[in-house]
Amino acid sequence: MAGANPFQSLLREINVNGETFHYFDIASFPEFRELPYSVRVLLESAVRNCDNFQVLEKDVRAILSWKQAKGTAASDVELEIPFKPARVILQDFTGVPAVVDFAAMRDAVLKLGGDPDRINPICPSDLVIDHSVQVDFARSEDALAKNQDLEFERNKERFTFLKWGAKAFNNMLIIPPGSGIVHQVNLEYLARVVFQDASRSKDGTVKMLYPDSVVGTDSHTTMINGLGVVGWGVGGIEAEAVMLGQAIAMLLPEVIGYRLVGKLNPLVTSTDLVLTITKNLRQIGVVGKFVEFFGPGVSELSIADRATISNMCPEYGATVGYFPVDQNALDYLRQTNRAEEKVCVIEAYLKATEQLRNFSDAEQDPVFTQVVELDLATVVTSVSGPKRPHDRVSVSEMQQDFRQCLTNKVGFKGFAVPEDELKAEGSFSWTDGKTYSLRHGSVVIAAITSCTNTSNPSVMLGAGLLAKKAVEAGLKVAPYIKTSLSPGSGVVTYYLKESGVIPALEELGFNVVGYGCMTCIGNSGPLDGNVANTIEKNNLVCCGVLSGNRNFEGRIHPNTRANYLASPLLVIAYALAGTVDIDFEKEPIGNRADGSAVFLRDIWPTRQEIHAVEKKHVIPAMFRDVYEKVELGSPAWQGLAAPTGKLYPWDTKSTYIKHPPFFEGMSRELPTLSNIVNARALLNLGDSVTTDHISPAGSIARNSPAARYLSERGLTPREFNSYGSRRGNDAIMARGTFANIRLVNKLVAKAGPRTLHIPSGEEMDVFDCAERYATEGTPLVALVGKDYGSGSSRDWAAKGPYLLGIKAVIAESYERIHRSNLVGMGIVPLQYLDGQNADSLGLTGREQFNISIPVNCKPHERITVSTDAGKEFQVIVRFDTEVDLEYFRNGGILNYMIRKMID
């Protein structure tokens, strides 16, 4: 049971503007000044929450020993520590399953004789309904209203459920739809930087001060690292446990110090910088590590620049990409209309605990595991693609690189276009009476999309200024290119209007179309039928260019085989050019009315031009006007009637919200562990299988098992909506698991959501095959390669395989969050020994597998897998902590929490 805090003697008082606060003086530890600033946040949390039950005194000592354990890359010491974040943030699509699970857990607790009202968030939880808006309407003045109306119509049932949750659960703040994307709302409004919490004091009168920290149900939660808040993405399952007051079990991380020096070239953007850093850190290898930025170059970056770099942390593979709080961060809080009295308290606390950074003072530099340096002056204008966010290409080499990709063998940098098809071309007629042609490299989607870049005024205003100059030069974007602008929040639209660039953006077709996850998550909407048919008929490698953070194959649109991440300025540039097969230095981007050439350099704004506009138009009043009414929501939200009561009245006819089967047959007692015997491989996959491959978030294909399920319930294809919007229905999500059209399964000849039923030799949809195995009583495994589960943190990428009957995954390596999610669902993550994989072991995926997990299994224990072909090989059980094992023994993390609540 929990006891008294052994570090109570470190409690101190501080008086700010006549008000008294308490805090723990972590700076009094002798080891403190050598700790990276990110680790200091872990230390404070452990000290404050130490109860010798969830957080032990030895855990605090372990963090204090960071220099000895992780202060050198040569150290192989592994120390498990608990971490209790200050809050949880939920994104709409991943938040819905969390609320569904909470509602189902209440039912389960009641059924087992407990009090359902005990199921409430203990940790403060913010849910931002940044619903993924599909770009059905674009290039029109009323595109925003039409898209939002259509989304409300599609998602009314889901919104009603969330509105019920806002009333039914305590300690949960819900931000209504249409307010902005979760990461930007977090940055501009929700982030506290330092909590001022009366509930943590004994009498509730003196507020406790402690660093803001957060885990979120989206991998890009790391964006908040740019403001000095330690936070990262976790699976929805793990987030739910934190909401219920559980600590996260983690390994004390290595911290890579990334030293920035120099200044950016005046023509370079923060997007170019982040793509450079992403490629660099991918090459170094930072998976599972913290990256902390330091050095005099950091002072040259705005908070928006830093947030852009932190946002793409999942793309370079680190757990966090952290910028400690400095004076720039405090100034940003004031710029975004945070109360001055709160900013004063934040500053006083950070100074008192030596957590306020001066990047120009090298004496403040802590110890790092490894130091990497980047001279900002070496950064050049860049894009990344065509299939991965860390495949950076300098714009000066883009044409050559794209042409090489066309002929390269199929892979991350190849399409294997035959020599006689390189000049393929197709034409179509448009509504303006003109005929247009498409070739390899033609741009058909150009999206300035929310999340990575739209939080950054410099690149957004830069795009607006470029658009303005382009219009003045008489340039136009071809009408068939699907252009869109989806700002991260209403503030962005506000300053774009005030600065006078909206008319030029609209002239080029970049109308505001919505405020949620859009093109970047696959909700680009349909292309015109003539365009799509021309691409398909001529087998063209056409392109999408977007200012997002993900461009994995099959994610953006089925007809854009090549997709490039770029700054908002370059999105417009490539839209104007109409192709990525262009050398901007040598070829004009278009022509003036008099026929004279216009080059990109003629319309490209400098950082000085952009900064002048930003200084004038991005002001605190904008943030006040937008956020003072953000919690009220639109008239449509306010008029939404939601159920009342602590238990949700499930509608068995609903195709959006369904009672999940995770707790069916659950007992108070721990289940008996059983071995995996005579299992079949449902899939045999290669490297870099992302959560997009496992659990698609885009549209539901008309010939898919999910479509058949919906059709059987009377829905038409127009009503199918997206997988993301239906994450509250397990029946649909199970059918959508491994439903990506680009999935490469070695058990079948062609890419797609198909597999082989081994006993019969029949090829079928993955879900249908899993269902057949289930009727036969056959357990399943999956064979996969390196980096399994990379990409967005999706709980359904673990829940889906669980519902398909997969008991274990055997991989070369795992993405951090996905491995945790598998454990959370009771799936065993197994890892080949170094240098081994399915191919080297001669596994075809047609074998039967036998796996015995020892009753007293230890973290990282080696066990033997045997097959009916007589092969035996060792694997590492990727239970990384004792907590992982406890979750597994309970059948998953939620089952563990239910048993804990009824004890």
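Each residue is numbered by its place in its chain's sequence as written, counting from 1. Two thresholds apply to this predicted model, a pLDDT of at least 70 for residue-level local features and 80 or more for giving and counting side-chain atom pairs, whereas whole-chain, interface and lining totals are computed over all residues. Derived side-chain values reflect all non-hydrogen atoms in the structure, with water molecules and hydrogen atoms excluded from consideration.

(A) View of the pairing of strand E19 (residues 435-439). Residue exposure (1.4 Å probe, protein chains only): buried if accessible area is under 20% of the type maximum, exposed if over 50%, otherwise partly exposed. Strands are runs of DSSP state E lasting at least 2 residues, helices are runs of H or I lasting at least 4, and numbering of each runs from the N terminus. Side chains Tyr436 and Leu438 project from E19 onto a buried face, and the interleaved Thr435, Ser437 and Arg439 project onto a face without burial. Here strand E18 (residues 425-429) runs beside E19; their pairing, made up of 5 bridges, is antiparallel. Paired with Phe428 across the two strands is Tyr436, which belongs to E19. Connecting E18 to the antiparallel partner E19 that follows it, the hairpin turn spans 5 residues, and Gly433 within it adopts a positive phi of roughly 85°. At least two DSSP bridges between two strands are needed for those strands to be called paired.

(B) Just the packing of helix H11 (residues 327-335) against helix H12 (residues 340-352), in detail. The angle between two axes is taken between their N-to-C directions and runs from 0 to 180 degrees, where each axis is a line fitted to C-alpha atoms and a helix contributes only its stretch in contact. Following both chains from N to C, one finds H11 and H12 inclined at 165°, their axes separated by 10 Å at the closest point. With respect to H12, the element H11 is oriented roughly antiparallel. Classified by chirality, the crossing of H12 by H11 is right-handed. Along the contact surface, H11 presents Gln327, Leu330, Leu333 and Arg334, while H12 presents Glu340, Val343, Ile346 and Glu347. For classification, angles of less than 35 degrees are called roughly parallel, those exceeding 145 degrees roughly antiparallel, those between 65 and 115 degrees roughly perpendicular, and all remaining angles oblique. The handedness criterion is simple: a crossing whose near helix is rotated anticlockwise from the far helix by less than a right angle is left-handed, and one whose near helix is rotated clockwise is right-handed. Contacts are assigned to residue pairs with any non-hydrogen atoms lying within 4.5 Å of each other.

(C) Summary view of the pairing of strand E5 (residues 125-128). The alternating pattern of E5 places Ser125 and Leu127 on one face and Asp126 and Val128 on the opposite face, and all of these are buried. Bridge analysis of strand E4 (residues 87-91) against E5 gives 4 bridges, and the strand direction is parallel. Its bridge partner lying in E5, Ile89 is registered against Asp126. A crossover links E4 with its parallel partner E5, the connecting element being helix H4 (residues 92-111), and its sense is right-handed. As judged from the 4 bridges shared by E5 and strand E6 (residues 172-175), these two strands associate in the parallel manner. Paired with Asp126 across the two strands is Leu173, which belongs to E6. Place the viewer so that the strands point away; then a crossover is right-handed whenever the path from the first strand over the helix to the second strand goes clockwise.

(D) Structural context of the pattern of salt bridges. Note on definitions: salt bridges are taken to be side-chain nitrogens of Lys or Arg within 4 Å of carboxyl oxygens of Asp or Glu. Applying the stated criterion across every chain yields a total of 42 salt bridges. Between Arg403 and Asp581 there is a salt bridge, and its shortest N-O distance comes to 2.9 Å. A residue pair is termed long-range when its members are at least 10 positions apart, and Arg403 in helix H13 (residues 398-407) and Asp581 in the loop between helix H18 (568-577) and strand E24 (590-591) qualify at 178 residues. By relative accessible area, which is 21% here, Asp581 ends up partly exposed. Between Glu886 and Arg889 there is a salt bridge whose closest N-O contact spans 3.7 Å. Taken together, the residues Glu886 and Arg889, both in helix H29 (residues 882-890) and 3 residues apart, mark about one turn of the helix. Note on Glu886: relative accessible area 30%, which makes it partly exposed. According to the relative accessible area criterion, Arg889 is partly exposed, its value standing at 21%.

(E) Layout of the side chain of Asp107. Mapped onto the elements, Asp107 comes out in helix H4. Summary of buried charges: Asp107 has no salt-bridge partner, and the nearest side chain of opposite charge, Arg106, is 8.0 Å away. Setting aside chain neighbours within four positions, we find Asp107 in contact with Leu647, Trp650 and His659. Neither His nor the chain ends is counted toward charge; the positive residues are Lys and Arg and the negative residues Asp and Glu.

(F) Layout of the layout of surface pockets. Only protein atoms enter the 1 Å grid used here. Points where a 1.4 Å probe fits but cannot escape make up a cavity, open sets with protein on both sides within 12 Å along at least five of seven lines make up a pocket, and a residue lines them when an atom lies within 4 Å of a point. Grid points are joined across faces, edges and corners, and a volume is the space filled by probe spheres set on the points. Reported here for the second largest pocket is a volume of approximately 1400 Å³. As for the second largest pocket, its lining consists of 47 residues, of which Gly698, Ser699, Ile700, Ala701 and Asn721 are closest to the centre. Among the elements that line the lining of the second largest pocket, the one with the most residues is helix H5 (residues 143-168), at 5 residues. Under this grouping Gly is polar, as are all residues other than the nonpolar Ala, Val, Leu, Ile, Met, Phe, Trp, Tyr, Cys and Pro and the charged Asp, Glu, Lys and Arg. Residue classes in the lining of the second largest pocket are distributed as 19 nonpolar, 15 polar and 13 charged.

(G) Structural detail: the sheet that holds strand E2 (residues 19-24). One open sheet holds the 4 strands; their spatial order is E1-E2-E8-E7, and the pairing between them is mixed. Strand pairing shows two members of the sheet lacking a second neighbour, strand E1 (11-16) and strand E7 (194-197), which therefore form its edges. Strand after strand, the sheet turns through a mean of 30° between neighbouring axes, direction not considered. Sheet analysis places E2 next to strand E8 (residues 207-211), joined by 2 bridges and oriented parallel. Counterpart to His22 in the pairing with E8 is Met208.

(H) Broad picture of empty space enclosed by the protein. Following the criterion strictly, the structure yields 7 cavities of 30 Å³ or more and no others. In this structure, the second largest cavity encloses a volume near 100 Å³. Tyr37, Val41, Val193, Pro211, Asp212, Gly228, Tyr322, Pro324, Val325, Leu350 and Gln355 together form the lining of the second largest cavity.

(I) Molecular detail of the nonpolar core. In terms of nonpolar packing, the biggest core is built from 161 residues, with Leu43, Trp232, Leu682, Phe738, Tyr788, Val809 and Leu830 touching the most fellow members. It is H4 that provides the largest number of residues to this core, a total of 10 residues. Buried residues of nine kinds, namely Ala, Val, Leu, Ile, Met, Phe, Trp, Tyr and Cys, make up a nonpolar core once their side-chain atoms join them within 4.5 Å. Counting residues in hydrophobic clusters, the runner-up holds 145 residues, among them Ile14, Cys313, Phe428 and Leu438.

(J) Looking closely at the side chain of Glu238. Along the chain, the position of Glu238 falls in helix H7 (residues 236-243). By relative accessible area, Glu238 is classed as buried at 16%. Side chain to side chain, Glu238 and Ser820 meet in a polar contact 2.9 Å long. The contacts of Glu238, once residues within four sequence positions are left out, are Ile248, Ser820 and Ile893. Within 3.5 Å is the distance limit for a polar contact, defined as a pair of N or O atoms, with the added protein rule that one can donate a hydrogen and the other accept it, and that residues adjacent in sequence qualify only through two side-chain atoms.

(K) Highlighting unusual backbone geometry. The residue after Gly385, namely Pro386, is reached through a cis peptide bond having omega 15°. Counting through the fold element by element, Pro386 comes out in the loop between strand E16 (382-384) and strand E17 (392-394). The phi torsion at Asn17 lies on the positive side, around 50°, for a residue other than glycine. Along the chain, Asn17 falls in the loop between E1 and E2. Of the residues examined, Asn17 reaches a relative accessible area of 65% and is grouped as exposed. Positive phi outside glycine occurs at Asn337, with the angle close to 70°.

(L) Here's a closer look at the environment of Tyr648. Summarising the element assignment, Tyr648 is placed in the loop between helix H22 (635-638) and strand E26 (676-684). For Tyr648, a relative accessible area of 14% corresponds to the buried category. C-alpha separation for the pair Tyr648 and Phe888, spaced 240 residues apart in sequence, amounts to 28 Å. If near-sequence neighbours (up to four positions away) are discounted, Tyr648 is found in contact with Ala103, Phe161, Trp164, Pro643 and Ile657.

(M) Region of the structure containing the state of the cysteines. Two cysteine sulfur atoms form a disulfide, by the criterion used here, when they sit within 2.5 Å. Per the counting criterion, the structure on display carries 0 disulfides. Free cysteine: Cys50, not disulfide-bonded; nearest cysteine sulfur from Cys123 at 18 Å. Assessed through its relative accessible area of 2%, Cys50 is described here as buried. Cys405 carries a free sulfur, and the closest cysteine sulfur to it, the one in Cys543, is 9.8 Å from it. Exposure remark for Cys405: the relative accessible area of 1% places this residue in the buried category.

(N) Looking closely at helix H28 (residues 816-824). Taking burial as the measure, the 9 residues of H28 include 8 buried ones, the bulk of the element. Buried within H28 we find Ile817, His818, Arg819, Ser820, Asn821, Leu822, Val823 and Gly824. Regarding H28, its N-cap is Glu815, as a side-chain oxygen of that residue lies 2.8 Å from the backbone nitrogen of His818 further along. Count one or two residues on from H28 and you reach Gly826, which has phi positive near 80°.

(O) Representation of the environment of Val255. Tracing the sequence through the fold places Val255 in strand E12 (residues 255-261). Residue class for Val255 comes out buried when judged on its relative accessible area of 0%. With 35 residues separating them along the chain, Val255 and Phe290 place their C-alpha atoms 4.6 Å apart. Once you skip the residues sitting within four places of it in the chain, Val255 turns out to touch Pro36, Ser38, Val39, Trp66, Phe290, Glu292, Phe368, Thr369 and Gln370.

(P) Inspection of the sheet that holds E26 at higher detail. Around the barrel, 7 strands lie side by side as E26-E29-E30-E31-E34-E33-E32; this closed barrel has mixed pairing. With direction set aside, neighbouring strand axes in the sheet form an average angle of 40°. Across 3 bridges, strand E31 (residues 828-832) lies against strand E34 (residues 872-877) in antiparallel orientation. When the sheet's bridge partners are listed, Tyr832 is paired in E34 with Val875. Along the sheet face, helix H26 (residues 766-775) touches E26 and strand E29 (780-783) and points at about 170° away from the line of E26.

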